[in-house]
Amino acid sequence: MADLFLVRHGETEWSRSGKHTGLTDVPLTERGRAEARRLVPLIRSHRIGAAFVSPSQRARETAELIGLTDVRIDSDLHEWDYGGYEGVTTVEVQRDRPGWFLFTDGVEAGPPQRPGESPEEVGVRADRVLGKVDAALANTEGCVVLVAHGHFLRVLTARWLGLPPADGALFQLATGTVCRLSTEHGRPVIAAWNVRPGS
């Protein structure tokens, strides 16, 4: 079975400052663009059978900068809907909710266009994406690449491993990195994590 590559988009102003960036369409910084460009050798060294990208401009631009073509935009790849915590840092949330932790506590509801998601709801989306990945791996030659967001990809990794969505908390994921999910003896594994050229 071919591998699944996860690419977290490059840096944005909000990711740099720690603000929860779900559905807000924040662009890459110049550093974020440079992070993406540095990933080109890591992507080009593999045969890509299919690529899927989040609808956000930060993910789409990252996909373009790393040289992916024939990319399918998939709304299931959007970042966690942070609801009332959109644009707010963890430290700021914890002033009102001491001990709050996204992966176990979820978020407060936001406005109608941003109602928020529980960890389990993000897990349902991740499972849908993994179903599409399975179909792509079965019907194409080469690997599958997903270009998306930190918290969503962490939940997706947990689900790949058969873990509950909250266990995405175990997988810290930096901007502008590549991860490789694979199998060993028919069982899902993490083959590489948080990789940048030269690391």
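Residues numbered from 1 in each chain as written. Predicted model: local features only at pLDDT ≥ 70, side-chain atom pairs only at ≥ 80, totals over all residues. Heavy atoms only, no water.

**Q** I'm lost on the overall build of the protein in this one. Help?
**A** Looking only at helices and strands, the protein has eight helices and six strands in total. Along the protein, helices and strands appear, N-terminal first, in the series β-α-α-α-β-α-β-α-α-α-β-α-β-β. Whereas a compact globule of 199 residues would reach a radius of gyration of roughly 16 Å, the protein reaches 16 Å, a difference of no more than 12%. Overall, the protein is about 50 × 35 × 30 Å in size when its C-alpha atoms are taken along their principal axes. The buried share of the protein, taken over its 199 residues, is 49%. Here the analysis covers contacts within the protein between residues at least 6 apart in sequence; of these, 67% occur between residues at least 24 apart. For the protein, the accessible area works out to roughly 9,200 Å², and carbon and sulfur atoms hold 49% of it. Computing the positive centroid from 23 side-chain charges and the negative centroid from 26, the protein places the two 5 Å apart. (Helix = DSSP H or I, 4+ residues; strand = E, 2+ residues; numbered from the N terminus. Rg over C-alpha atoms; globule rule 2.2 N^0.38 Å. Buried < 20%, exposed > 50% of the residue type's maximum accessible area, 1.4 Å probe, protein only. Contact = heavy atoms within 4.5 Å. Areas by Shrake-Rupley, 256 points an atom, 1.4 Å probe, with all protein chains shown as cover. Lys, Arg positive; Asp, Glu negative; His and termini not counted. Charge placed at Lys NZ, Arg CZ, Asp CG, Glu CD.)

**Q** Please clarify how the packing of aromatic side chains should be interpreted in this entry.
**A** Two descriptors summarise a pair of aromatic rings, namely the distance from one centre to the other and the angle between the planes of the rings. Taken as a whole, this structure holds five aromatic pairs when the rule is applied. Taken together, a centroid distance of 6.5 Å and an interplanar angle of 10° make the contact between tryptophan 80 and tyrosine 82 stacked. When the ring of tryptophan 80 is compared with that of phenylalanine 103, the centres are 5.6 Å apart and the planes differ by 85°; the resulting orientation is edge-to-face. Residue tryptophan 80 is located in the loop between β3 (71-73) and α5 (90-96), and its partner phenylalanine 103 is located in helix α6 (residues 102-105); the two are separated by 23 residues in the primary sequence. Summarising the burial analysis for this pair, tryptophan 80 and phenylalanine 103 share the class buried. Members of the aromatic cluster, each reached through a chain of ring pairs, are Trp80, Tyr82, Phe101 and Phe103. (Phe/Tyr/Trp six-rings, centres within 6.5 Å; stacked < 30°, edge-to-face > 60°.)

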